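Examining the three-dimensional arrangement
Each chain, letter by letter, is given below.
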Amino acid sequence: RDAAPAILFFDELDAIGARRDGEHRNRPQDLALPVLLAEIDGFDPLVGVVLLGATNAPELLDPALVRHGRFGPPIRVPPPDHAGRAALFRVFLRGRPCAGDVDMEELARRTEGWVGAGIEAAVEAAARAALKRGLLDPGRDRIEMADLLRAVEEGC
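Rules behind the numbers
- Residues numbered from 1 in each chain as written.
- Predicted model: local features only at pLDDT ≥ 70, side-chain atom pairs only at ≥ 80, totals over all residues.
- Heavy atoms only, no water.
- Helix = DSSP H or I, 4+ residues; strand = E, 2+ residues; numbered from the N terminus.
- Contact = heavy atoms within 4.5 Å.
- Salt bridge = Lys/Arg side-chain N within 4 Å of Asp/Glu carboxyl O.
- Buried < 20%, exposed > 50% of the residue type's maximum accessible area, 1.4 Å probe, protein only.
- 1 Å grid on protein atoms, 1.4 Å probe; cavity = no way out; pocket = protein on both sides within 12 Å on 5 of 7 lines; lining within 4 Å.
- Points joined across faces, edges and corners; volume = space filled by probe spheres on them.

Some thoughts on the overall build of the protein chain
- Of the regular secondary structure elements, the protein chain holds 7 helices and 2 strands.
- Reading the secondary structure of the protein chain in the N-to-C direction produces β-α-α-β-α-α-α-α-α.
- C-alpha extents for the protein chain along the principal axes are approximately 65 × 35 × 25 Å.
- Excluding contacts between residues fewer than 6 apart, the proportion of contacts in the protein chain whose partners are at least 24 apart in sequence is 71%.

And the structure:
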């Protein structure tokens, strides 16, 4: 309230806003939720404060947290489509030495349902493989399509 206008973003909202079952009243998250609800509702309205929360498990959220007047209606953000995944590979490979055989479209095709964190992890794993190869065979430290495909197949 003192810092308004402000946006408060709660990542992994389910960590503090999980559904209460009545059995675990002394877990930290069960103690934090009533405090959060009291702050949201408070005696003074949240003027100039926008609350945003993100979760991969909306079904775990306590109904009291998501009722009307607290957080707005949910907005589902699906995994990136083919073009989005190809763009993410381009972003995470930018500035890294790549061999000419790297095919962003093929990588995007093979990562249906993946999100940015998984794509980034695959690129990191491929970069480590290229670095190791380059230590053994100087001049072969460029990321090759085979490195990326191996990382994707391993599910990084």
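The rest of the description comes next.
Some thoughts on the pattern of salt bridges
- Applying the stated criterion to the full structure yields 12 salt bridges.
- Here Glu124 ties to Arg96 by a salt bridge, and the two come within 2.5 Å at their closest N and O atoms. Placement of the pair is Glu124 in helix α6 (residues 116-136) and Arg96 in the loop between α4 (82-93) and α5 (104-110), with a sequence separation of 28 residues.
- When its relative accessible area of 28% is taken as the criterion, Arg96 is described as partly exposed.
- Arg150 is the partner of Asp147 in a salt bridge, and the nearest nitrogen-oxygen pair spans 3.5 Å. Taken as a pair, Asp147 and Arg150 lie in helix α7 (residues 145-153) at a separation of 3 residues, close to a single helical turn.
- Via salt bridges that share partners, Arg133, Asp137, Arg140, Glu144, Asp147 and Arg150 belong to a single interconnected network.

Considerations on the layout of surface pockets
- The calculated volume of the largest pocket comes to roughly 860 Å³.
- The dominant element in the lining of the largest pocket, judged by the number of residues it contributes, is strand β2 (residues 49-53), at 3 residues.

Considering unusual backbone geometry
- Cis rather than trans, the peptide bond between Ala4 and Pro5 has omega equal to 5°.
- With respect to the helices and strands, the residue Pro5 is situated in the segment before β1 (6-10).
- The phi angle at Glu12 is positive, at roughly 55°, despite the residue not being glycine.
- Tracing the chain through its elements places Glu12 in the loop between β1 and α1 (14-17).
- Among the residues examined, Glu12 registers a relative accessible area of 38% and is labelled partly exposed.

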